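Chain by chain, the residues run as shown.
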Amino acid sequence: MPVTLPTDSSHSGSIRKGCDPFAQTQRSKLQHRRARINQQINKEMRMRAGAENLFRATTNNKVKETVALELSFVNSNLQLLKEELEELNSNMEVYQTDSDAISVPMIPLGLKETKEVDFTVPIQDFICEHYGEDSSLYDKEIKELIELRQAMRTPSRSQAGLELLMEYYNQLYYLDQRFFSSHRNLGVHFHWYDSLTGVPSSQRALAFEKGSVLFNIGALHTQIGARQDRAATAGIDKAVDAFQRAAGAFNYLKENFSNAPSLDMSALSLSMLVRLMVAQVQECVFERITITTRDTKFTSQLQLAQEAAQVSDVYSLVHQTMTQPLMKDYVPFSWASMVQVKSEHFRALSHYYAAAALCDHTVSFDGEECDKESDKAFLKFYVNIASGQTLSQILQDPEKRRKLGKAHLRRAVMRHEEAMRVHSLCKILRKMDILQDVLCQTHKRSLEKYLELDREDDFDETAEAPEIQAHTQQKPDITPPSFTTVQVSDIFQRLGPLSVFCSRAHWGPPRVIRLQKREGGMGLTLRGDSPVLVAGVVPGGCAEEAGLREGDYIVAVDGQDCKWAKHGEVVLMLTSSSDREVEISVVTLHSHDTQVERKAAMLSLSSDKENSRQRLLGGAKGQSSGSLLNWNRKKKREGGGVAKKLGSTFSLSFGNIRDTETMY
């Protein structure tokens, strides 16, 4: 008798949708151009691979000359495409705020592009062969999965877009449990393009899909952070939160996934991106302090100077990372130039505010009125001070303060000019009018203040200003992804509880048992819920005679699916039938899997971080530690350390079931 599956009334599909792929926004146009260039790069690389193979295989010199000429054309085309893609990746203004306020642009990251994936045939075959069910009954679920992935390709630049990516990411956990196993490949290829170079990568490992989606979650956070209006503290706080979450996503990816097939997800690239996001958070912190500091007090100006020095230092560290051998030719030149410009720009600002503190402060340092707080702050202000004079002497002497302030302004002007020089060397940065305005305004301000302090009788050479000690009132946090914020339901939950009905379990086809009722009972012992387990059969009873065996799982009673039924519900279905015969559909796990499930409580080795976090997912019924083939997730390496798997894939039959048994 065919089994009637329950209607899926509790799962009506995702309410989150992607952006209209045909919408003509500036951002969508940019993504369309990126997709087109990625496809062209893929085509050229295939041509180059074929030409190189022919060049190595042929012994005909004439053919070699022709192939070599063709290779030169292909390499030339690839270089042009790379430059065009770099220009798109450097198109920061598209992602910036529409506010009229003048602020230094942030560096956002474009989303990784991916090809469409049709899960229909592979999942249908798997359901038919592995689960022994009619795959056509799951057309709705397969369509929903495909639509969710398609929507994920074009997320909106908002919280809804982030939730869409997170929903698909969490859904991949269930997909892994249902259809990916170590002994059989589903046959689905995931194609993703490198975010910066457009070089395609293709793998069958689901970990590659998960890593790419997580990368896009971080990239979308960078775009949300860049678009905030940082003229007010509310916008700055939102930008700080976005960049910290971006850093957390990239850091999580770096720590939990390894052997990435694309360079943008390599450990070195992800470390660079984490540092870049942290630097942009530090810049936002400086902007917030600049807005909230309304006075010209001595200590307030010193604080601004040290905050600016801190921003300069972190950007300098990012620039060092970008200029490493493997990163130098990978990171867009405009990114490295922008980071260097910011490092010089904020170093100049630190010297400007130091001069403002020395020359414009409102505190008197005459005799007993010397401000102890200011004196204490000034003592911690410099990395070191030239010998021959003390800081207290400088503070109490107006002329010495003027000369030291002038020295700081001299360095500020020099740093501003260096920032403008680096800016002028990059064609893409030269097109950014807002950056040009910021650099010119701050340079003009420092130069005017320097001329104010300059005197005709200053015949002494201007002393070199001491290096300012970098310090911040708020250190950036790296906010890890919060996977539990988006609750998801297993799209294929009608297949049954994951604890038993998963890709890693093996059983024979469902058996139909026709059980004759007798006055002495049915002769079987039931235990547990969802699904109910036959814990024992009475020797010589009607259950044994009908062919029921200990260890069978009841999946249907009289054609009614009961994989998710509670213990009492199954008992009611068995006993309430008016007929003398009840038809039971059962499945039995093979001996190999029975050994696995009996050991489930003891399984602890190779428990990776990625699956341990899945225990927090709402609705998750089971976990697995199986690696995902070619692109593996990192394993815990603590010597001999074990982490108990509370929700192992095979733990339900003896771990999650009730202790009591009832005979019927």
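Source: prediction; values computed, not measured. Counting from 1, residues in each chain are numbered in the order their sequence is written. Only residues with pLDDT of at least 70 are given local features in this predicted model, and only at 80 or more are side-chain atom pairs given and counted; all residues enter the totals for whole chains, interfaces and linings. Here the side-chain values reflect all heavy atoms present in the structure, with hydrogen atoms and water set aside.

## Examining the overall build of the protein
Inclusion rule: Put simply, DSSP marks the helices as runs of H or I at least four residues long and the strands as runs of E at least two long, and each gets a number from the N terminus on. All accessible areas in this document rest on Shrake-Rupley with a 1.4 Å probe, and a residue is counted as covered only by the protein chains that are shown.
Assigned secondary structure in the protein consists of 21 helices and nine strands. If you sum the accessible surface of the protein, you get close to 30,200 Å²; carbon and sulfur atoms cover 50% of it.

## Description of the nonpolar core
What counts, and what does not: Here the nonpolar core consists of buried residues drawn from Ala, Val, Leu, Ile, Met, Phe, Trp, Tyr and Cys, with membership extended through side-chain atoms lying within 4.5 Å. Three labels apply to residues, based on accessible area from a 1.4 Å probe with only protein chains included: buried if under 20% of the type maximum, exposed if over 50%, partly exposed otherwise in between. Contact definition: two residues touch when any of their heavy atoms are within 4.5 Å.
With 135 residues, the main nonpolar core has Ile-123, Leu-175, Phe-179 and Phe-492 as its most contacted residues. With near-sequence residues (within four places) excluded, Phe-179 lies in contact with Ile-123, Phe-126, Ile-127, Tyr-131, Leu-186, Phe-492, Leu-495 and Ser-503. Core analysis: the next-biggest nonpolar cluster, separate from the first, contains 21 residues, Ile-513, Leu-515, Leu-526 and Ala-565 among them.

## So, the packing of aromatic side chains
In plain terms, the rule: In this analysis, rings of Phe, Tyr and Trp, with Trp reduced to its six-membered ring, are considered paired at centre separations within 6.5 Å, and the interplanar angle assigns stacked below 30 degrees, edge-to-face beyond 60, and tilted for intermediate values. Note on criteria: charge over ring means Lys NZ or Arg CZ within 6 Å of the ring centre, with the direction from the centre no more than 35 degrees off the ring normal.
Inspection of every chain in the model, using the stated rule, returns 14 aromatic pairs. Ring plane angle 55° and centroid distance 5.4 Å describe the contact between Phe-215 and Phe-250, whose orientation is recorded as tilted. Pair noted here: Phe-215 is in helix H6 (residues 206–226) and Phe-250 is in helix H7 (residues 233–256), with a separation of 35 residues, a long-range link. Each member of the pair Phe-215 and Phe-250 is classed as buried. If you follow Lys-210 out to its NZ or CZ, it ends over the ring of Tyr-169, 5.4 Å from the centre. In this arrangement the basic side chain of Lys-563 is found over the ring face of Phe-501, its NZ or CZ atom lying 5.9 Å from the centre.

## Some thoughts on the pattern of salt bridges
The cut-off we apply is this: By convention in these notes, a salt bridge is any Lys or Arg side-chain nitrogen within 4 Å of a carboxyl oxygen on Asp or Glu.
Summed over the entire model, instances satisfying the criterion amount to 23 salt bridges. A salt bridge links Asp-176 to Arg-504, with the shortest nitrogen-to-oxygen separation between them at 3.1 Å. Of this pair, Asp-176 sits in helix H5 (residues 159–179) while Arg-504 sits in the loop between helix H16 (433–453) and strand S3 (511–516), placing them 328 residues apart in sequence. Neither Asp-176 nor Arg-504 differs from the other in exposure class; each is buried. Close ionic contact of Arg-178 with Asp-490 constitutes a salt bridge, the shortest N to O distance being 2.6 Å. Placement of Arg-178 in helix H5 and of Asp-490 in the loop between H16 and S3 is noted, with a sequence separation of 312 residues between them. On the accessibility criterion, Arg-178 (0% relative accessible area) is buried.

## A closer look at the confidence of the model for the protein
Our working definition: What pLDDT reports is the predictor's confidence in each residue, on a scale of 0 through 100.
Of all residues in the protein, 75% attain a pLDDT of 70 or more, and the chain-wide mean is 79. Below a pLDDT of 50 lies the segment residues 591–630, which in the model reaches 101 contacts outside its immediate sequence neighbourhood of four places, other chains included. Here residues 635–659 scores under 50 on pLDDT; set against residues more than four positions off or in separate chains, the count is 63 contacts.

## Re the pairing of strand S1 (residues 190–193)
Inclusion rule: Two strands pair if DSSP finds at least two bridges between them.
As judged from the four bridges shared by S1 and strand S2 (residues 200–203), these two strands associate in the antiparallel manner. Residue pairing for S2: His-191 is matched across the bridge by Ser-202. Two successive antiparallel strands, S1 and S2, enclose a turn made up of six residues, where Gly-198 displays a positive phi of approximately 75°.

## Some words on the packing of helix H9 (residues 298–322) against helix H11 (residues 333–360)
What counts is decided by this rule: All axes are obtained by fitting lines to C-alpha atoms, using only the stretch in contact for helices, and the reported angles, taken between N-to-C directions, cover 0 to 180 degrees. Angles below 35 degrees are treated as roughly parallel, those above 145 as roughly antiparallel, those between 65 and 115 as roughly perpendicular, and all remaining angles as oblique. If you view the pair so one helix is near and one far, a crossing is left-handed when the near helix is turned anticlockwise from the far one by less than a right angle, and right-handed when it is turned clockwise.
In contact at an axis separation of 7 Å, H9 and H11 are set at 160° when each is read in the N-to-C sense. Between H9 and H11, the angle falls in the class roughly antiparallel. Once H9 is placed against H11, the crossing between them reads as left-handed.

## A look at H6
Every α-helical turn comprises 3.6 residues, leaving residues that sit three or four positions apart pointing alike. In plain terms, the rule: In this analysis, the expected span of each helix is defined as 1.5 Å times one less than the number of residues it contains.
Between its first and last C-alpha atoms H6 spans 31 Å; for 21 residues at 1.5 Å apiece the expected length is 30 Å, and the two agree. Within H6, 21 of the 21 residues are buried, which leaves it mostly tucked inside the rest of the structure.

## Some words on the pairing of strand S5 (residues 532–537)
Burial within S5 is extensive, with five of its six residues counted as buried. Sheet analysis places strand S4 (residues 524–527) next to S5, joined by four bridges and oriented antiparallel. Counted as the bridge partner of Leu-526 is Val-534 from S5.

## Quick look at the environment of Gln-493
Secondary-structure assignment places Gln-493 in the loop between H16 and S3. Exposure remark for Gln-493: the relative accessible area of 18% places this residue in the buried category. Along the backbone, Gln-493 and Glu-141 are 352 residues apart, and their C-alpha atoms lie at a distance of 9.3 Å.

## Thoughts on unusual backbone geometry
With an omega dihedral of -5°, the bond running from Ser-530 to Pro-531 counts as a cis peptide bond. For Asn-259, which is not glycine, the phi torsion reads 55° and is therefore positive. Structurally, Asn-259 is set in the loop between H7 and helix H8 (267–292). Unlike most non-glycine residues, Ser-530 shows phi in positive territory, near 45°. One can find Ser-530 in the loop between S4 and S5. Under the relative-accessibility criterion, Ser-530 is labelled buried at 12%.

## Details of the packing of helix H14 (residues 398–425) against H16
This is how it is decided: For this scheme, ten residues count as nonpolar: Ala, Val, Leu, Ile, Met, Phe, Trp, Tyr, Cys and Pro. Four count as charged, namely Asp, Glu, Lys and Arg, and the remainder, Gly too, count as polar.
Packing of H14 against H16 leaves a shortest axis separation of 9 Å and a crossing angle of 155°. Judged by the inter-axis angle, H14 sits roughly antiparallel to H16. In this structure, H14 crosses over H16, and the sense of that crossing is left-handed. Of the residues in H16, those touching H14 at Arg-402, Gly-405, Lys-406, Leu-409, Arg-410, Ala-412, Val-413, His-416, Glu-417, Ala-419, Met-420 and His-423 are Leu-435, Gln-436, Leu-439, Cys-440, Thr-442, His-443, Ser-446, Leu-447, Lys-449, Tyr-450 and Leu-453. Looking at side-chain class alone, the contact of H14 with H16 contains 11 nonpolar, seven polar and five charged residues.

## Some points on H11
With 28 residues, H11 ought to run about 40 Å at 1.5 Å a step, and its terminal C-alpha atoms sit 39 Å apart, in line with that. Most of H11 is tucked away, with 24 of its 28 residues classed as buried.

## Some points on the side chain of Ser-337
When you line up the elements, Ser-337 lands in helix H11. For Ser-337, a relative accessible area of 4% corresponds to the buried category. When sequence neighbours within four positions are dropped, the list of residues in contact with Ser-337 reads Val-422, Cys-426 and Leu-429.

## Section: the environment of Thr-233
Structurally, Thr-233 can be placed in helix H7. For the pair formed by Thr-233 and Ile-291, sequence separation is 58 residues and the distance between their alpha carbons is 7.4 Å. Ignoring anything within four residues of it in the chain, the contact list for Thr-233 reads Arg-288, Ile-291 and Thr-292.

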